[in-house]
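# Structural overview
Read off the chains here:
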Amino acid sequence: MQINGTLMNYYFHCKRQCYLHGIRLNLEDNSESVKIGKVLHEEKEMKMADSEIEIDNVKLDGLTSKYLVEIKKSDADVEASKWQILLYLKILKNKGVIREGKLEFVEKNKQTKNIVYVSLNEENEKQLDYYINEIEDLLFQDEVPAALNKPTCKKCAYYEYCYI
């Protein structure tokens, strides 16, 4: 299976969420939080000149002459978003397109900035390859990873699967 941005993002949130999504157990259609994120995403996308672009197994929110743009509802997990956009930058690089990454957060949660810039360099590309291998290994294991049981779990689309 090719690793996409959603799997990369989920890997940082929760290994169980990543695994369940990776084996095609999709519970996101029932999540209010996911629905809100999609509406905000579509609203922001309509304002962009270059809207969503599909390349291989990923969907890029925007691509300008300088930036690959990724739009997020919240800045609650910048690290996960950073690695997701680094995956996209690597995919573009492999196709001969070099860009910088620009994360735009529609709603501010914990940080004062609502834009984060990301660059793909040799060091984080090696780390990215490590994470891709980790996700591939995770998806081929027989057991479902344990639930985290954190307060943030209550907002997850998989909450009912994990705890009810």
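Because the structure is a prediction, the values reported are computed rather than measured.

Before going further, it helps to examine the confidence of the model for the protein chain. Model confidence for the protein chain is summarised by a mean pLDDT of 85, while 81% of its residues fall at 70 or above. Across the protein chain, element-level confidence peaks in helix 5 (residues 122-140) with a mean pLDDT of 97 and bottoms out in helix 3 (residues 32-47) with 51.

Bringing the packing of helix 4 (residues 78-94) against helix 5 into the picture now. Two elements in contact, helix 4 and helix 5, have axes whose closest approach is 10 Å; the angle formed by their N-to-C orientations is 105 degrees. Of the possible angle classes, the one that applies to helix 4 and helix 5 is roughly perpendicular. Every residue of helix 5 that contacts helix 4 at Trp83, Leu86, Leu87, Lys90 and Lys93 is listed here: Asn124, Glu125, Gln127, Leu128, Asp129, Tyr131 and Ile132. Residues that form the contact of helix 4 with helix 5 fall into these classes: 6 nonpolar, 2 polar and 4 charged.

With that settled, consider the pairing of strand 4 (residues 67-74). A large share of strand 4 lies buried, amounting to 7 of its 8 residues. When strand 4 meets strand 5 (residues 100-107), the two strands line up parallel, connected through 7 bridges. Note that in strand 5 the partner of Glu70 across the bridge is Leu103. This β-α-β element, strand 4 to helix 4 to strand 5, shows right-handed connectivity.

Moving on: the packing of helix 1 (residues 5-13) against helix 4. Across the interface, helix 1 lies against helix 4 with an axial gap of 8 Å and an inter-helix angle of 150 degrees. One finds that helix 1 runs roughly antiparallel with respect to helix 4. As for how helix 1 packs across helix 4, the hand of that crossing is right-handed. For the pair helix 1 and helix 4, contact is made by Gly5, Thr6, Met8, Asn9, Phe12 and His13 and by Glu79, Ala80, Ser81, Trp83, Gln84, Leu87 and Tyr88, respectively. Its residues assigned to classes, the contact of helix 1 with helix 4 comprises 6 nonpolar, 6 polar and 1 charged.

Another aspect to go through is the packing of aromatic side chains. For the structure shown, the criterion picks out 8 aromatic pairs. An angle of 80 degrees between the planes, with centres 4.9 Å apart, marks the rings of Trp83 and Tyr131 as edge-to-face. Separated by 48 residues along the polypeptide, Trp83 in helix 4 and Tyr131 in helix 5 bring together distant segments of the chain. Given the relative accessible area of 4%, Trp83 is considered buried. Judged by relative accessible area, Tyr131 falls into the buried class, the value being 15%. Aromatic rings pair up to connect Tyr11, Phe12, Trp83, Tyr130 and Tyr131 into one cluster. Between Lys15 and the ring centre of Tyr11, over which it is positioned, the NZ or CZ distance is 4.1 Å. The ring of Tyr67 carries the charged tip of Lys102 above its face, separated from the ring centre by 5.4 Å.

Counting across every chain of the model gives 6 salt bridges. The residue Lys95 makes a salt bridge to Asp56 at a minimum N-O spacing of 3.3 Å. Residue Lys95 is located in the loop between helix 4 and strand 5, and its partner Asp56 is located in the loop between strand 1 (53-55) and strand 2 (58-60); the two are separated by 39 residues in the primary sequence. Overall, Lys95 belongs to the partly exposed group, its relative accessible area being 47%. Notably, a salt bridge pairs Lys72 with Glu70, separated by 3.4 Å at the nearest N-O pair. Of the two residues examined, Lys72 and Glu70, each falls in the buried class.

Rules and cut-offs
- Residues numbered from 1 in each chain as written.
- Predicted model: local features only at pLDDT ≥ 70, side-chain atom pairs only at ≥ 80, totals over all residues.
- Heavy atoms only, no water.
- pLDDT = per-residue confidence, 0-100.
- Helix = DSSP H or I, 4+ residues; strand = E, 2+ residues; numbered from the N terminus.
- Axes fitted to C-alpha atoms, helices over the stretch in contact; angles between N-to-C directions.
- Parallel < 35°, antiparallel > 145°, perpendicular 65-115°, else oblique.
- Contact = heavy atoms within 4.5 Å.
- Nonpolar A, V, L, I, M, F, W, Y, C, P; charged D, E, K, R; others polar.
- Buried < 20%, exposed > 50% of the residue type's maximum accessible area, 1.4 Å probe, protein only.
- Pairing = 2+ DSSP bridges.
- Right-handed = clockwise from strand over helix to strand, strands pointing away.
- Left-handed = near helix turned anticlockwise from the far one by under 90°.
- Phe/Tyr/Trp six-rings, centres within 6.5 Å; stacked < 30°, edge-to-face > 60°.
- Lys NZ or Arg CZ within 6 Å of the ring centre and 35° of its normal.
- Salt bridge = Lys/Arg side-chain N within 4 Å of Asp/Glu carboxyl O.

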